[in-house]
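Descriptive structure summary
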Amino acid sequence: DKAGHKHFMAKEIAEQPRVIGEALRHYLGAEGTDIALPDEIDFTKLDRLTMVACGTAFYACLTAKYWFEQIAGMPVEVDVASEFRYREPPISDRTAALFVSQSGETADTLAALRYCQGKADQILSVVNVPESSIARESDVALPILAGVEIGVASTKAFTCQLTVLLLLALEAAKQRGRMTPERLADLTSHMRALPTVLNAALDEDAAMQACATGLAEAQDVLFLGRGLMYPLALEGALKLKEISYIHAEAYASGELKHGPIALIDRNVPVVVFAPRDSLFEKSVSNMQEVMAREGKVLLISDAAGAKDAAADAWKTITMPAIDPVLAPIVYAIPAQLLAYHTAVAKGTDVDQPRNLAKSVTVE
Ligand code: M6R
């Protein structure tokens, strides 16, 4: 049942304020800063976290690496499961291995989990299907509570994964004494406001649809981001190629001049995720490098960022202002809706893109 939407993907994008609200109620409750997690989760005895996943779930892990390192001072390794499982990486018994999977049945992720059994201190997973193999074979499985996801392009599972991973990073910061009670109270209250902020982001749908008309004509699209916006740029590019079949690549903005800038000309739209945070000025100078080569910049920022930088951009999408720590969850909305509207404009099969399966249970 698409609940009045044209596609399951559109329905699942629209559901995000509600399902994230439910995940927050489950893990955070209505007030206070206590995070409801099983007692076995003890970050004080760990030296590092190793996170493994595929596709969109891998980009959720990459985002979480920034959170765990910056907020909790905890070293994190992240890898795609298909590489990790055959690399034979050494795993110390002061490592927790964390697997992220919507389906809980992805063959490479499950094999990576089995490789870590008996080596890591603990096997954790963040899953949408609590009865899945990955959940069953973990010491602790945390549900993301996104509800059934039908569209092959993962949307609400991604933002629910991010929500649970951020809560885990906050718990790690708390346990390891890395965050003041004031900052923790501040961040948890911003998290409780996420459903409202996400609704405001969804209200920008018409602007995203208008941009998509331009993207639909492109052969290649580049996505750029710095810091927490870099994994999101990767996710935006994956969404676009999966459902619109347009060639899309993402780079850390600082990598532009190390090669990809050679691709820029007037035919290549460059999507830049750049909220007005501490890295904003650097993103603006990367944008200027693109525009100096006639590249068309689609800037995704907040009102303050748009005011400072939109003048020369080809198009701008304005997101609600948010604490920079939470920006990946909010900026996921334009990443998803740009891909969605571009695919609709091109007339592709949004929910069942060619060559792809919802659950990849073979290598
Ligand atoms: O079920 P999983 O989260 O383990 O799936 C991982 C990837 O196959 C999945 O995220 C894939 O990349 C999606 N189609 C992305 O939209």
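Chains are numbered independently. Their residues run from 1 in the order of the written sequence. Under the rules for a predicted model, residues below a pLDDT of 70 receive no local features and side-chain atom pairs below 80 are neither given nor counted, while totals for whole chains, interfaces and linings still include all residues. Side-chain calculation: all heavy atoms of the structure are included, whereas hydrogens and water are not.

Short version of the rule: UniProt positions are given in the numbering used here, feature names are shortened, and annotations may be inferred rather than shown by experiment.
As recorded by an unreviewed UniProt entry, the chain carries the name Glutamine--fructose-6-phosphate aminotransferase [isomerizing] and is attributed to Litorivita pollutaquae. Entered under Subcellular location (unreviewed entry) in the UniProt record, the comment concerning the chain runs "Cytoplasm".

Examining helix α9 (residues 194–202)
As a reminder, the rule being used: Three exposure classes are used, based on accessible area relative to the maximum for each residue type with a 1.4 Å probe and protein chains only: buried under 20%, partly exposed in between, and exposed over 50%. Only DSSP runs of H or I reaching four residues or more are called helices, and only runs of E reaching two or more are called strands; each is numbered from the N terminus. Arc definition: it is the arc formed by the directions from the helix axis to the C-beta atoms. Whether two residues are in contact is decided by their heavy atoms: any pair within 4.5 Å suffices.
Along α9, the residues that are buried comprise Leu194, Pro195, Val197, Leu198, Ala201 and Leu202. One face of α9 carries all of its buried residues, which in axial projection span an arc of 160 degrees. The inward-facing, buried residues of α9 abut α1 (8–14), α2 (16–28), α8 (181–192), α10 (205–215), β10 (315–319) and α14 (327–346).

Let's talk about the side chain of Asp79
Structurally, Asp79 can be placed in strand β2 (residues 76–80). Apart from the residues within four sequence positions on either side, Asp79 is in contact with Met51, Val52, Ala53, Phe58, Phe84 and Arg87.

Observations regarding the site of the ligand
Selection rule: Definition of nearness: a residue and a molecule or strand are near each other if at least one heavy atom of the residue lies within 4 Å of the molecule or strand. The term polar contact refers here to a pair of N or O atoms within 3.5 Å; inside protein, the definition further demands a hydrogen-donor-capable atom paired with an acceptor-capable atom, and it admits residues adjacent in sequence only when both atoms are side-chain atoms. In this analysis, the protein atoms alone were mapped onto a 1 Å grid. Cavities are point sets where a 1.4 Å probe fits without being able to get out; pockets are open sets with protein on both sides within 12 Å along at least five of seven lines; lining residues have an atom within 4 Å of a point. Being in a pocket or cavity means that more than half of the molecule's atoms lie within 2 Å of its grid points.
In the vicinity of the ligand, 14 residues are found, and the nearest of them are Ser101, Gln102, Ser103, Thr106 and Glu242. Within the contact set of the ligand, an oxygen atom lies 2.7 Å away from a side-chain nitrogen or oxygen of Ser103. Placement of the ligand is best described as lying within the largest pocket. Of all the secondary-structure elements, those providing two or more residues to the shell around the ligand are α3 (55–72) and α11 (229–244).

What to know about the sheet that holds strand β4 (residues 122–127)
This is how the line gets drawn: Strands pair, by our definition, only if DSSP identifies at least two bridges between them. Helix axes are fitted to C-alpha atoms over the stretch in contact, other axes to C-alpha atoms as well, and angles between N-to-C directions run from 0 to 180 degrees.
Reading across from one edge, β2-β1-β3-β4-β5 is the order of the five strands in this open sheet, with parallel pairing throughout. Looking along the sheet, the strands with just one partner apiece sit at the ends: β2 and β5 (140–143). Here the strands of the sheet are splayed against their neighbours by 20 degrees on average, with no regard to which way each runs. Where strand β3 (residues 95–101) meets β4, six bridges bridge the pair, whose relative direction is parallel. Note that in β4 the partner of Ala97 across the bridge is Ile123.

Here's the deal with the pairing of β4
Keep this limit in mind: Convention used here: a crossover is right-handed provided that the path from the first strand, over the helix, to the second strand proceeds clockwise when the strands point away from the viewer.
Of all six residues making up β4, six are buried, and the element is well covered by its neighbours. For the crossover that starts at β3, traverses helix α5 (residues 107–116) and ends in the parallel β4, the hand is right-handed. Pairing analysis gives four bridges linking β4 to β5, with the strands arranged parallel. Considered in β5, the bridge of Leu124 is made with Val140.

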